[in-house]
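The primary structure of each chain is shown beneath.
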Amino acid sequence: FRLCNNKIIAHSEKVVDNLKFSGFKNRVIFTPHINYEVSSNFNLSNVGTEIKHTFQKGFIYFLFFGNILPSKGIFDLLSTIEKIDFNNLRAKIIIAGKDRLNNIKNYPKYKEISKKSFLILRHINDDEMKYLFSKSNYVLLPYKDISQSGVLEMAINFRKPILSSGIKYFKDKFHEYPSFGEILSTDDSNSFAKEIE
């Protein structure tokens, strides 16, 4: 960033502070995420076949949505999926989003994870995103670190209960609005698995 001649737009004060700390001298434009409302209507013809076939009656669906990154607690979720016996369980886990770093495909137990969950590891268009949020029952946010979360706001917009890690951002939001979701020990795979079960 120090060598970058461009202006940077940041969505959190934490990013602005990190840029300044790392020696970035140019202008940083701060524009926070705003509260927004997204129509829940979607065009089914724009929803991929694999997404349409993911949902079946009689199951409870947990959605992890967004870029697949370690900071979003993806490894905690994957180790939790390993611990769950889905054979007699009505729960299904969906992981949807870009995995640019191949965090999931390089995971040591990738084959087991791919059999136990629905993996949609690619760009998700707006209609697919709306479909996924509309059809899912819960949104999983096992994040390790965050400044602001569009996924949190999307879950709230679609009125989906959130199961999240105990990082300060989520604790503050759920303290203010307890109906949004519940804090779990997402870094303890046994405990996280029991909560999902």
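Everything below is about the structure shown above.
Okay, so let's go over this structure.

Another point: the packing of aromatic side chains. With the rule as written, the count across this model stands at 12 aromatic pairs. A centroid spacing of 6.3 Å and a plane angle of 20° characterise the contact between Phe 170 and Phe 174, whose relative ring orientation is stacked. With Phe 170 and Phe 174 both in helix H7 (residues 168-176) and 4 residues apart, this pair spans about one turn of that helix. Each member of the pair, Phe 170 as well as Phe 174, carries the same accessibility label: buried. Each member of the aromatic cluster is reached from another via a ring pair, and the members are Phe 42, Phe 55, Phe 59, Tyr 61 and Tyr 131.

Turning next to helix H3 (residues 74-83). Here H3 lies mainly inside the structure; 7 of its 10 residues are buried. When H3 is considered as a whole, its buried residues turn out to be Ile 74, Asp 76, Leu 77, Leu 78, Thr 80, Ile 81 and Glu 82. Buried positions along H3 lie against strand E3 (60-65), strand E4 (91-96), helix H4 (110-116), strand E6 (138-141) and helix H8 (189-196).

Turning our attention to the pairing of E3. Among the 6 residues of E3, 5 are classified as buried, and the element is accordingly described as predominantly covered. Examined bridge by bridge, E3 and E4 share 6 bridges and lie parallel to one another. The partner of Ile 60 across the bridge, within E4, is Ala 91.

Relative to each other, H3 and H8 sit at 65°, their axes nearing to 8 Å. Here H8 runs roughly perpendicular to H3, going by the angle between their axes. You can see that H3 and H8 cross each other, and the crossing is right-handed. In this structure, H3 contributes Asp 76, Leu 77, Ser 79, Thr 80 and Lys 83 to the contact, and H8 contributes Ser 189, Asn 190, Phe 192, Ala 193 and Ile 196.

Judged by pairing direction, the sheet is parallel, and its 6 strands sit side by side in the order E5-E4-E3-E6-E7-E8 without closing on themselves. The open sheet is flanked by strand E5 (118-120) and strand E8 (181-183), the only strands paired with a single partner. Ignoring strand direction, the axes of neighbouring strands in this sheet form an average angle of 20°. The sheet contact formed by strand E7 (residues 162-164) and E8 spans 3 bridges and is parallel. From the neighbouring strand, Ser 164 faces E8, where its bridge partner is Ile 183. On the sheet, helix H5 (residues 126-135) packs against E3, E4, E5 and E6 and is oriented at approximately 140° with respect to E3. Along the sheet, H7 contacts E6, E7 and E8; its crossing angle with E8, the most-contacted strand, is approximately 135°.

Right, let's get into the pattern of salt bridges. The final tally for this structure, using the stated rule, is 6 salt bridges. Of the charged contacts in the structure, one is a salt bridge between Glu 128 and Arg 122, with a shortest N-O distance of 2.7 Å. The partly exposed category is assigned to Arg 122, whose relative accessible area is 27%.

Examined against the element boundaries, Phe 158 turns out to sit in the loop between helix H6 (150-157) and E7. Given a relative accessible area of 9%, Phe 158 falls into the buried group. Measuring from C-alpha to C-alpha, the distance between Phe 158 and Phe 133 comes to 6.5 Å, with 25 residues separating the pair along the chain. Sequence-distant contacts of Phe 158, that is, excluding residues within four places in its chain, are made with Ser 39, Ser 40, Lys 130, Phe 133 and Ser 134.

Cut-offs used in this document
- Residues numbered from 1 in each chain as written.
- Predicted model: local features only at pLDDT ≥ 70, side-chain atom pairs only at ≥ 80, totals over all residues.
- Heavy atoms only, no water.
- Phe/Tyr/Trp six-rings, centres within 6.5 Å; stacked < 30°, edge-to-face > 60°.
- Helix = DSSP H or I, 4+ residues; strand = E, 2+ residues; numbered from the N terminus.
- Buried < 20%, exposed > 50% of the residue type's maximum accessible area, 1.4 Å probe, protein only.
- Contact = heavy atoms within 4.5 Å.
- Pairing = 2+ DSSP bridges.
- Axes fitted to C-alpha atoms, helices over the stretch in contact; angles between N-to-C directions.
- Parallel < 35°, antiparallel > 145°, perpendicular 65-115°, else oblique.
- Left-handed = near helix turned anticlockwise from the far one by under 90°.
- Salt bridge = Lys/Arg side-chain N within 4 Å of Asp/Glu carboxyl O.

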